[in-house]
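Fold and contact review
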Amino acid sequence: MDEETKKRVLRLINYGLYIMTAASQGEIAAGAVNWLSQASFKPPLVMAAVKSGSRLHELIEKSRGFVVNILREDQKSVAEAFFAPSKVEGTTINGYRFEPAPRTGAPILIDLPAWFEVLVTDVVKRGDHTIFVGEVVEVGLREAEARSLVLRDTGWFYGG
Ligand SMILES: Cc1cc2nc3c(=O)[nH]c(=O)nc-3n(C[C@H](O)[C@H](O)[C@H](O)COP(=O)(O)O)c2cc1C
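These numbers were taken from a predicted model, which means no experiment stands behind them.

**Side note on the nonpolar core**
With 21 residues, the main nonpolar core has Met 20, Leu 56, Ile 60, Phe 66, Val 68 and Phe 116 as its most contacted residues. Only strand 1 (18-24), strand 2 (27-33), strand 4 (45-51), helix 2 (55-63), strand 5 (65-70), strand 10 (114-126) and strand 11 (129-141) provide two or more residues apiece to this core. Sequence-distant contacts of Met 20, that is, excluding residues within four places in its chain, are made with Ala 29, Ala 30, Gly 31, Val 33, Ala 48, Val 50, Leu 56, Ile 60, Phe 66, Val 67 and Val 68. The next biggest cluster of nonpolar side chains, apart from the first, holds 16 residues, and it includes Ala 30, Ala 32, Val 78 and Leu 112.

**What to know about the sheet that holds strand 8 (residues 96-100)**
Spatial strand order, 6-7-8-9: 4 strands in an open sheet with antiparallel pairing. Single-partner strands in this sheet number two, and they are strand 6 (88-89) and strand 9 (107-109).

**Examining the packing of aromatic side chains**
Under the criterion given, the structure shown has 3 aromatic pairs. Ring centres of Phe 82 and Tyr 96 lie 6.1 Å apart, and the angle between their planes is 35°; this geometry places the pair in the tilted category. In this pair, Phe 82 is assigned in the loop between helix 3 (76-81) and strand 6 and Tyr 96 in strand 8, connecting sequence segments 14 residues apart. On the accessibility criterion, Tyr 96 (21% relative accessible area) is partly exposed. Ring geometry for Phe 83 against Trp 156: centres 4.9 Å apart, planes inclined by 80°, an arrangement best described as edge-to-face. One end of the pair, Phe 83, is in the loop between helix 3 and strand 6; the other, Trp 156, is in the segment after helix 4 (151-154), with 73 residues separating them in the sequence. Judged by relative accessible area, which is 46%, Phe 83 ranks as partly exposed. Judged by its relative accessible area of 23%, Trp 156 falls in the partly exposed class. When the ring centre of Phe 157 is taken as origin, the NZ or CZ atom of Arg 11, which lies over that ring, is 4.5 Å away.

**Quick word on the site of the ligand**
With respect to spatial proximity, 16 residues lie near the ligand, and among them Ala 32, Asn 34, Trp 35, Ala 49 and Lys 51 are the closest. Tyr 158 is positioned with one of its side-chain polar atoms (N or O) 3.4 Å from a nitrogen atom of the ligand. Coverage of the ligand by the protein chains reaches 82% of its 640 Å² of free accessible surface. Placement of the ligand is best described as lying within the largest pocket. Those elements that place two or more of their residues in the shell around the ligand are strand 2 and strand 4. It is strand 4 that contributes the most residues to the shell around the ligand, 3 residues altogether. Residues that form the shell around the ligand fall into these classes: 11 nonpolar, 3 polar and 2 charged.

**Looking at the layout of surface pockets**
Over the atoms a probe the size of a water molecule is rolled, and this reveals where empty space is left. As a volume, the largest pocket reaches approximately 490 Å³. Lining the largest pocket are 24 residues, with Gly 31, Ala 32, Lys 51, Phe 82 and Phe 83 positioned closest to its centre. Of all the elements in the fold, those that place two or more residues in the lining of the largest pocket are strand 2, strand 4 and helix 2. Here the lining of the largest pocket takes 5 residues from strand 2, the largest share from any one element. Here the residues of the lining of the largest pocket are counted per class, giving 17 nonpolar, 5 polar and 2 charged. Taken as a whole, the second largest pocket holds about 230 Å³ of empty space. Taken together, 14 residues make up the lining of the second largest pocket; nearest its centre are Trp 35, Ala 48, Ala 49, His 129 and Ile 131. Looking at the lining of the second largest pocket, the elements that each hand over two or more residues are strand 3 (36-40), strand 4 and strand 11. With 3 residues, the top contributor of residues to the lining of the second largest pocket is strand 4.

Analysis parameters
- Residues numbered from 1 in each chain as written.
- Predicted model: local features only at pLDDT ≥ 70, side-chain atom pairs only at ≥ 80, totals over all residues.
- Heavy atoms only, no water.
- Core = buried A, V, L, I, M, F, W, Y, C linked by side-chain atoms within 4.5 Å.
- Buried < 20%, exposed > 50% of the residue type's maximum accessible area, 1.4 Å probe, protein only.
- Helix = DSSP H or I, 4+ residues; strand = E, 2+ residues; numbered from the N terminus.
- Contact = heavy atoms within 4.5 Å.
- Pairing = 2+ DSSP bridges.
- Phe/Tyr/Trp six-rings, centres within 6.5 Å; stacked < 30°, edge-to-face > 60°.
- Lys NZ or Arg CZ within 6 Å of the ring centre and 35° of its normal.
- Near = heavy atom within 4 Å.
- Polar contact = N/O pair within 3.5 Å; in protein donor to acceptor, adjacent residues only side chain to side chain.
- Areas by Shrake-Rupley, 256 points an atom, 1.4 Å probe, with all protein chains shown as cover.
- 1 Å grid on protein atoms, 1.4 Å probe; cavity = no way out; pocket = protein on both sides within 12 Å on 5 of 7 lines; lining within 4 Å.
- Sits in = over half its atoms within 2 Å of the grid points.
- Nonpolar A, V, L, I, M, F, W, Y, C, P; charged D, E, K, R; others polar.
- Points joined across faces, edges and corners; volume = space filled by probe spheres on them.

Written out as structure tokens, the structure reads:
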């Protein structure tokens, strides 16, 4: 397989971009992720690939849960703040206000239009990311008309 062509082909997969968060024993982590998809209707499952060794990975493993915060199409700058390591100051994380999710305590970013909370059901450890499969157990919709951010429109890549 040609390495350069593999990269170009895999980068043709379309993605969104989301802020994934987790909390365990008073610790909090968050990161911008694009490797995420729904994976079942009944029960409502999702799957996400999270970098091994990251703080987010550690806290998802410990708490067996996470929250996915959905970015609006004009919130590229919010995503940018979550490429850096998470920093909590009072009621903000990386400068954005949050409240704890009902089941896991993971941060819900209150300036974003929608979120869902997931309890992990299965963990696939292979390669440099771990795939967490989980069931959606809570959802929140603040802006019903919002359109979500698409990775292609940001000019960024994570894939290949
Ligand atoms: C465009 C873009 C997409 C990303 N997508 C993912 C992803 O799907 N999964 C993931 O674990 N990290 C992803 N990252 C990395 C995280 O945003 C973040 O850098 C990481 O969680 C921080 O962890 P670390 O500082 O412990 O390495 C992405 C980064 C960029 C720039």
